[in-house]
Amino acid sequence: MKKISILIICLIFLTMTACTKPQPIKESRFLLNTVIEITIYDKNSKKIINELFDQIQSMENRYSRYIAGSEISKVNNNPGTFVKVSEDTLELIEQSLYFSTISGGLFDISIGPLVDLWGISRDNPKVPSKSEIDLVKEKIDYRSISINRENGAISVADGMSLDTGAIAKGFITDKLVSVLNEKKIDSALLNLGGNLYLHGSKPDGSFWTVGIRDPFGLQGDYIGTVSVKDMSIVTSGIYERFFEEDGQRYHHILNPKTGYPEDNELASVSILSPSSAKCDGLSTTCFLLGLKEGMELIERLDEVEAIMVTKDRKIYLSGGIRDGKIPFKLTDTEFTVAN
Ligand code: ADP
Ligand code: MG
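Residues numbered from 1 in each chain as written. Chains lettered and ligands numbered in written order. Predicted model: local features only at pLDDT ≥ 70, side-chain atom pairs only at ≥ 80, totals over all residues. Heavy atoms only, no water.

## Some details on the packing of aromatic side chains
Okay, so step 1: Applying the stated criterion to the full structure yields nine aromatic pairs.
Okay, so step 2: Centroid distance Phe 99 to Phe 107: 5.6 Å. Interplanar angle 55°. Geometry classified as tilted.
Okay, so step 3: Residue classification places Phe 99 among the buried positions, given a relative accessible area of 2%.
Okay, so step 4: On the numbers, 5.5 Å between centres and 40° between planes, the contact of Trp 118 with Tyr 250 is tilted. Taken together, the residues Trp 118 in helix H5 (residues 112-118) and Tyr 250 in strand E12 (residues 248-251) connect sequence positions 132 residues apart. Both residues of the pair, Trp 118 and Tyr 250, belong to the buried class.
Okay, so step 5: Chaining the aromatic ring pairs together yields one cluster made of Trp 118, Phe 243, Tyr 250 and Tyr 260.
Okay, so step 6: In this structure, Arg 313 is placed above the aromatic ring of Phe 216, and the distance from its NZ or CZ to the ring centre is 4.3 Å. (Phe/Tyr/Trp six-rings, centres within 6.5 Å; stacked < 30°, edge-to-face > 60°. Buried < 20%, exposed > 50% of the residue type's maximum accessible area, 1.4 Å probe, protein only. Helix = DSSP H or I, 4+ residues; strand = E, 2+ residues; numbered from the N terminus. Lys NZ or Arg CZ within 6 Å of the ring centre and 35° of its normal.)

## Here we look at the domain arrangement of the chain
Okay, so step 1: You can read the domains of the chain as domain 1 (9-59 + 169-337) and domain 2 (66-166).
Okay, so step 2: Here the C-alpha centre of domain 2 lies 25 Å away from the C-alpha centre of domain 1.
Okay, so step 3: Contacts between the two partners involve 28 residues from domain 1 and, on the opposite side, 27 residues from domain 2.
Okay, so step 4: Carbon and sulfur atoms make up 69% of the area that domain 1 and domain 2 hide from each other, which totals about 2,400 Å².
Okay, so step 5: Per-residue buried area on domain 1 facing domain 2 is highest for Phe 171, Phe 243 and Pro 256; these three make up 25% of the total on that side.
Okay, so step 6: The interface formed by domain 1 and domain 2 includes one salt bridge. (Domains from an automatic or database assignment. Contact = heavy atoms within 4.5 Å. Buried area = accessible area lost by both parts, 1.4 Å probe. Salt bridge = Lys/Arg side-chain N within 4 Å of Asp/Glu carboxyl O.)

## Here's the deal with the site of ligand 1
Okay, so step 1: Close to ligand 1 lie 18 residues; Ser 236, Glu 240, His 252, Leu 254 and Thr 284 are nearest.
Okay, so step 2: Contact between ligand 1 and Asp 163: an oxygen atom at 3.0 Å from a side-chain N or O atom of the residue.
Okay, so step 3: A distance of 3.3 Å separates an oxygen atom of ligand 1 from a polar backbone atom of Gly 165.
Okay, so step 4: When residues of the shell around ligand 1 are assigned to their parent elements, the largest contribution, three residues, is made by helix H8 (residues 276-289).
Okay, so step 5: Grouping the amino acids of the shell around ligand 1 by side-chain chemistry returns nine nonpolar, four polar and five charged.
Okay, so step 6: No fewer than three residues from each of domain 1 (9-59 + 169-337) and domain 2 (66-166) sit in the shell around ligand 1. (Near = heavy atom within 4 Å. Polar contact = N/O pair within 3.5 Å; in protein donor to acceptor, adjacent residues only side chain to side chain. Nonpolar A, V, L, I, M, F, W, Y, C, P; charged D, E, K, R; others polar.)

## So, the packing of H8 against helix H9 (residues 291-300)
Okay, so step 1: It is the contact of H8 with H9, at a shortest axis distance of 6 Å, that shows an interaxial angle of 140°. By the criterion of interaxial angle, the relationship of H8 to H9 is oblique. Note on element contacts: H9 touches H8 through Leu 291, Glu 293, Gly 294, Leu 297 and Ile 298, opposite Leu 282, Thr 285, Cys 286 and Leu 289.
Okay, so step 2: When grouped by side-chain class, the residues that make up the contact of H8 with H9 number six nonpolar, two polar and one charged. (Axes fitted to C-alpha atoms, helices over the stretch in contact; angles between N-to-C directions. Parallel < 35°, antiparallel > 145°, perpendicular 65-115°, else oblique.)

## Concerning unusual backbone geometry
One can expect most non-glycine residues to show negative phi and most peptide bonds to be in trans.
Okay, so step 1: Positive phi outside glycine occurs at Leu 32, with the angle close to 55°.
Okay, so step 2: Among the structural elements, Leu 32 can be located in the loop between strand E1 (24-31) and strand E2 (34-41).
Okay, so step 3: Not every positive phi belongs to a glycine, and Arg 313 is a case in point at roughly 60°.
Okay, so step 4: The class for Arg 313 is partly exposed, based on a relative accessible area of 29%.

## Concerning the confidence of the model for the chain
Okay, so step 1: On average, the chain scores 92 in pLDDT, and the residues at 70 or more come to 94%.
Okay, so step 2: In this model, residues 6-19 is a region of pLDDT below 50 whose contacts with residues beyond four sequence positions or in other chains number zero contacts. (pLDDT = per-residue confidence, 0-100.)

## Topic: the packing of helix H4 (residues 87-102) against helix H7 (residues 168-182)
Okay, so step 1: Direction vectors running N to C along H4 and H7 enclose 130°, while the axes themselves pass 11 Å from each other. Relative to H7, the element H4 is oriented oblique. Handedness of the crossing formed by H4 with H7: right-handed. Contact residues: H4 offers Asp 88, Glu 91, Leu 92 and Gln 95, while H7 offers Ala 168, Phe 171 and Lys 175.
Okay, so step 2: Split into classes, the residues belonging to the contact of H4 with H7 amount to three nonpolar, one polar and three charged. (Left-handed = near helix turned anticlockwise from the far one by under 90°.)

## Comments concerning the coordination of the magnesium ion (ligand 2)
Okay, so step 1: The coordination sphere of the magnesium ion (ligand 2) contains the protein donors Ala 166 (O), Asp 280 (O), Asp 280 (OD) and Thr 284 (OG1), at a distance range of 2.2 to 2.5 Å.
Okay, so step 2: Given the relative accessible area of 22%, Ala 166 is considered partly exposed.
Okay, so step 3: Note on Asp 280: relative accessible area 5%, which makes it buried. (Donors = N, O, S within 2.8 Å, 3.2 Å for Na, K, Ca; no water.)

## Details of the pattern of salt bridges
Okay, so step 1: Scanning all chains against the criterion turns up 18 salt bridges.
Okay, so step 2: Put simply, Asp 116 and Arg 65 hold a salt bridge, and the shortest N to O gap is 2.9 Å. Taken together, the residues span a long stretch of sequence, with Asp 116 in helix H5 and Arg 65 in the loop between helix H2 (45-63) and helix H3 (71-77) at a distance of 51 residues.
Okay, so step 3: Overall, the relative accessible area of 27% leaves Asp 116 in the partly exposed class.
Okay, so step 4: The shortest N-O distance in the salt bridge between Arg 143 and Asp 141 comes to 3.0 Å.
Okay, so step 5: Taking relative accessible area as the criterion, Arg 143 reaches 63% and is therefore assigned exposed.
Okay, so step 6: Among the charged side chains, a salt-bridge network with shared partners connects Glu 27, Arg 29 and Lys 46.

Now the structure itself:
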């Protein structure tokens, strides 16, 4: 009888241990000029989180033009010369050029001199003069970025400056997801300054519910939710980085053809795709293309969905979301779904 009781207690204990879900471990650090938050549900979470942060740091050291000695800085500082870079830096540039091609040059990582002129990410941004803008606009042209695949080298024309800000966070996220897959992590959440990746499903097997940011609200305000797994969600909008001068708002997504922040009907564009680089590249690209052309582009591409919000508080959904393939639930009744 005593033996049976011990056996039952052992069984209960074993069942309880097997059923205990791993507790999440969450850590935040300031990298890529933003707050990065990583949450992992696994017994080895701490070690993996440190590994992921190390990877982000080393990628930032290669891709950031604000870090002296980064591969991108070396390319920028040696115009007209082929500079050898890592395989992943080359891949990042190639992906950027893809977005330039599909947007007819509206997305252009050679935007650096224009970003500097406006100083939007710096302490003292200002509206430049028309002549300053015209001068700098001439230096922006993705077709003057040359890649020598054989030697793994890149060169830019004189006066150019590559700025990977519109795609680096998404590209880096995809690299982190590869690590999570290698380590066989079932559930994790990556948040690179609002660029999200919902890895796997929630520990209980259900989908993650994610809020789509209200472009007119405060951080944390959302207009509706989507239910997803193994999915990235990235939003570009007028609210992210901006300054005001003479009652006018100037945000950080610049149109290389006009030289000014893009001003169209859109307030924000959220892109959903298993590829975070696609999400990041396309959120900026579609914002620049505007509602109609942006949505047409999304419908032509595979494995990409979009939620676009206009300045008059209308929400436009791409086909896969309208069909319920990715369920969207409106939560803020100040907004209406327009299609
Ligand atoms: P965030 O990185 O803040 O989430 P985006 O992905 O939309 O937002 O990228 C905006 C950043 O991309 C700007 O801060 C600037 O560095 C860069 N950028 C601005 N305009 C363009 C453009 N037309 N093409 C490519 N990059 C751009
Ligand atoms: Mg982007």
